[in-house]
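Fold and geometry: a report
Take a look at the letters that make up each chain.
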Amino acid sequence: MTRWSRESIIEKIREWNQSYGEPPCSADWNPSLARWRAQEWRAARYREGIWPSTNAAKRPFGGSFDAAVRAAGLAPHRSGPRRRPAGAARPDVEQRAPMAPRSVDEALVEASERVRDAERRAAALERKVEAAERRAERTEDQLDDARRRARRAGERERRARGAHERVAVASRESSLAATETVELVSADADARVRAAYDQAQAAARDTHEARRAARAAEARAADAEARAESAERLAEATRAELASGAAESAAVGAAWQAARESEARAAAAERRSRELAALVCGESRQLTANELADLRASGPSGPAVLALALRGLHGARSAGDRRALTEALGEVASAAVRWRDQL
């Protein structure tokens, strides 16, 4: 596309003036306006060379074609019809010859051809419509398929989102349950440690008390043995003095009674010493006849009674009550002895 400058437009106006003996007017460089004015010869002159259009010529001169002509040093055409000087003629431009009237047959032939052409175009349009309909049907099928795939994808997405949410909830619940379990286990372990520590302290205190009691029992046993020896010596002296007379029989009986009491106290002290030794050192011992008689005292017996006594022992042990623990151990032993006697 040629870009016309001010200088090139002025040069083209002067070149037109030299070629045609007059400056151009707006119809000379506007073929549409020339045809509208039935001046085909102006349009023919414009097509013979390379000239700017009327609008291109007016643009550098403020939108005025006459200003462009004046800038080239020429006088622009005046508006309205111009009179040509004498002897001047219109340019030799071949005009279109008038058309002769057509016959009816020619018109019918031409009309039939137009009808056939219209039918061919209609048939082509019908084929195009059918093809468009087929394409539309395929497009609708593809659209339905795409919608079905979109629905399936949406369903899969919803299921996946639901599964993800369920997994998240399960993980949160499992973490909470694990935390609670750890806290419970930790609390239980702490409680067991504290109970074990308390039981160890109680066992240490019991051991200390048992040792002190053992020492006291040993002292009492030694005292009882000393008394028994004294009683034996007194008995020997008494036997030696039996010959001295029957007047001293009362003193002898008192001495014998004191000796028997001393022996009983010594036996009890010895039994207590053995019990304390078994308690402190863990040594086993056999029950005496009186202890077995106490355990066989009248009462219910059987597995249910033994199970009840064991539950009481477990409760006393969990509570840490030493007195209740001792009573529960006695009940368990009594129930076991009575059930063994029934078997």
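Residues numbered from 1 in each chain as written. Predicted model: local features only at pLDDT ≥ 70, side-chain atom pairs only at ≥ 80, totals over all residues. Heavy atoms only, no water.

1. Here's the deal with the overall build of the chain
Looking only at helices and strands, one finds 10 helices and 0 strands in the chain. Each helix and strand of the chain, placed in order from N terminus to C terminus, yields the pattern α-α-α-α-α-α-α-α-α-α. Of all 343 residues assigned to the chain, the portion counted as buried reaches 20%. Taking contacts inside the chain between residues at least 6 apart in sequence as the whole, the part at least 24 apart equals 55%. Only carbon and sulfur atoms are counted for the fraction: they give 53% of the accessible area of the chain, which is about 26000 Å². (Helix = DSSP H or I, 4+ residues; strand = E, 2+ residues; numbered from the N terminus. Buried < 20%, exposed > 50% of the residue type's maximum accessible area, 1.4 Å probe, protein only. Contact = heavy atoms within 4.5 Å. Areas by Shrake-Rupley, 256 points an atom, 1.4 Å probe, with all protein chains shown as cover.)

2. Re a negative patch on the surface
Residues Glu126, Glu130, Glu133, Glu137, Glu140, Asp141 and Asp144 make up a contiguous surface patch of negative charge. One can find Glu126 in helix H6 (residues 104-240). (Patch = residues over 30% accessible without salt bridge, like charges linked within 9 Å, V, L, I, M, F, W, Y side chains within 5 Å. Salt bridge = Lys/Arg side-chain N within 4 Å of Asp/Glu carboxyl O. Lys, Arg positive; Asp, Glu negative; His and termini not counted. Charge placed at Lys NZ, Arg CZ, Asp CG, Glu CD.)

3. Quick word on the nonpolar core
By size, the foremost hydrophobic cluster in this structure holds 13 residues, and its most contacted members are Ile9, Ile13, Trp29, Trp51, Ala57, Phe61 and Phe65. Broken down by secondary-structure element, the contributors of at least two residues to this core are helix H1 (6-20) and helix H5 (65-71). (Core = buried A, V, L, I, M, F, W, Y, C linked by side-chain atoms within 4.5 Å.)

4. Brief notes about the pattern of salt bridges
The final tally for this structure, using the stated rule, is 9 salt bridges. For Asp145, the salt bridge is made with Arg148, and the minimal N-O distance between the two is 3.9 Å. You can see Asp145 and its partner Arg148 sitting in helix H6, 3 residues apart, about one turn around the helix. Under the relative-accessibility criterion, Asp145 is labelled partly exposed at 27%. A single salt-bridge network, built from bridges that share partners, covers Asp28, Arg42 and Arg45.

5. With respect to unusual backbone geometry
Of note in the backbone geometry, Ala38 takes a positive phi value of approximately 60 degrees without being a glycine. For Ala38, the position within the fold is in the loop between helix H2 (31-36) and helix H3 (40-48).

6. Some thoughts on the packing of helix H9 (residues 303-319) against helix H10 (residues 322-342)
The contact between H9 and H10 brings their axes to 9 Å, and the two run at 165 degrees. As far as their axial angle goes, H10 and H9 are roughly antiparallel. As for the relative orientation of H9 and H10, their crossing is left-handed in sense. Counting all contacts with H9, which are made through Pro303, Val305, Leu306, Ala309, Leu310, Gly312, Leu313, Ala316 and Arg317, the residues of H10 involved are Ala324, Leu325, Ala328, Leu329, Glu331, Val332, Ala335, Ala336, Arg338 and Trp339. (Axes fitted to C-alpha atoms, helices over the stretch in contact; angles between N-to-C directions. Parallel < 35°, antiparallel > 145°, perpendicular 65-115°, else oblique. Left-handed = near helix turned anticlockwise from the far one by under 90°.)

7. Topic: the confidence of the model for the chain
When pLDDT drops low, the exact placement of atoms in the prediction is not to be read closely. The predicted model of the chain has a mean per-residue pLDDT of 75, with 69% of residues at 70 or higher. The element-level mean pLDDT for the chain is lowest in helix H7 (residues 249-281), coming to 65, with H1 highest at 94. pLDDT under 50 marks residues 95-100. Its contacts with residues more than four places away, or in other chains, come to 2 contacts. (pLDDT = per-residue confidence, 0-100.)

8. Points about the environment of Asn30
Of note, Asn30 is situated in the loop between H1 and H2. Looking at Asn30, the relative accessible area reads 29%, which means it is partly exposed. Sequence separation between Asn30 and Arg42 is 12 residues, and the spatial gap between their C-alpha atoms is 8.6 Å.

9. A few points about the packing of aromatic side chains
For the structure on display, the rule yields 5 aromatic pairs. Joined through ring pairs, the aromatic side chains of Trp16, Tyr20, Trp29, Trp51 and Phe65 make up one cluster. The cationic tip of Lys12 hangs over the ring face of Trp51; the distance from NZ or CZ to the ring centre is 5.2 Å. Looking at Arg45, its charged tip hangs above the ring of Tyr20, at a distance of 4.6 Å from the centre. (Phe/Tyr/Trp six-rings, centres within 6.5 Å; stacked < 30°, edge-to-face > 60°. Lys NZ or Arg CZ within 6 Å of the ring centre and 35° of its normal.)

10. As for a positive patch on the surface
A surface patch of like charges, here positive, comprises Arg147, Arg151, Arg152, Arg156, Arg158 and Arg159. By the secondary structure assignment, Arg156 is in helix H6.

11. Brief notes about the environment of Trp29
As for its placement among the helices and strands, Trp29 is situated in the loop between H1 and H2. Look at Trp29 and you get buried, because its relative accessible area is 1%. When the C-alpha positions of Trp29 and Ser53 are compared, they lie 5.1 Å apart, and in sequence the two are 24 residues distant. Apart from residues no more than four positions distant in its own chain, Trp29 is found in contact with Lys12, Ile13, Trp16, Pro24, Tyr46, Trp51, Pro52, Ser53, Thr54, Ala57 and Phe65.

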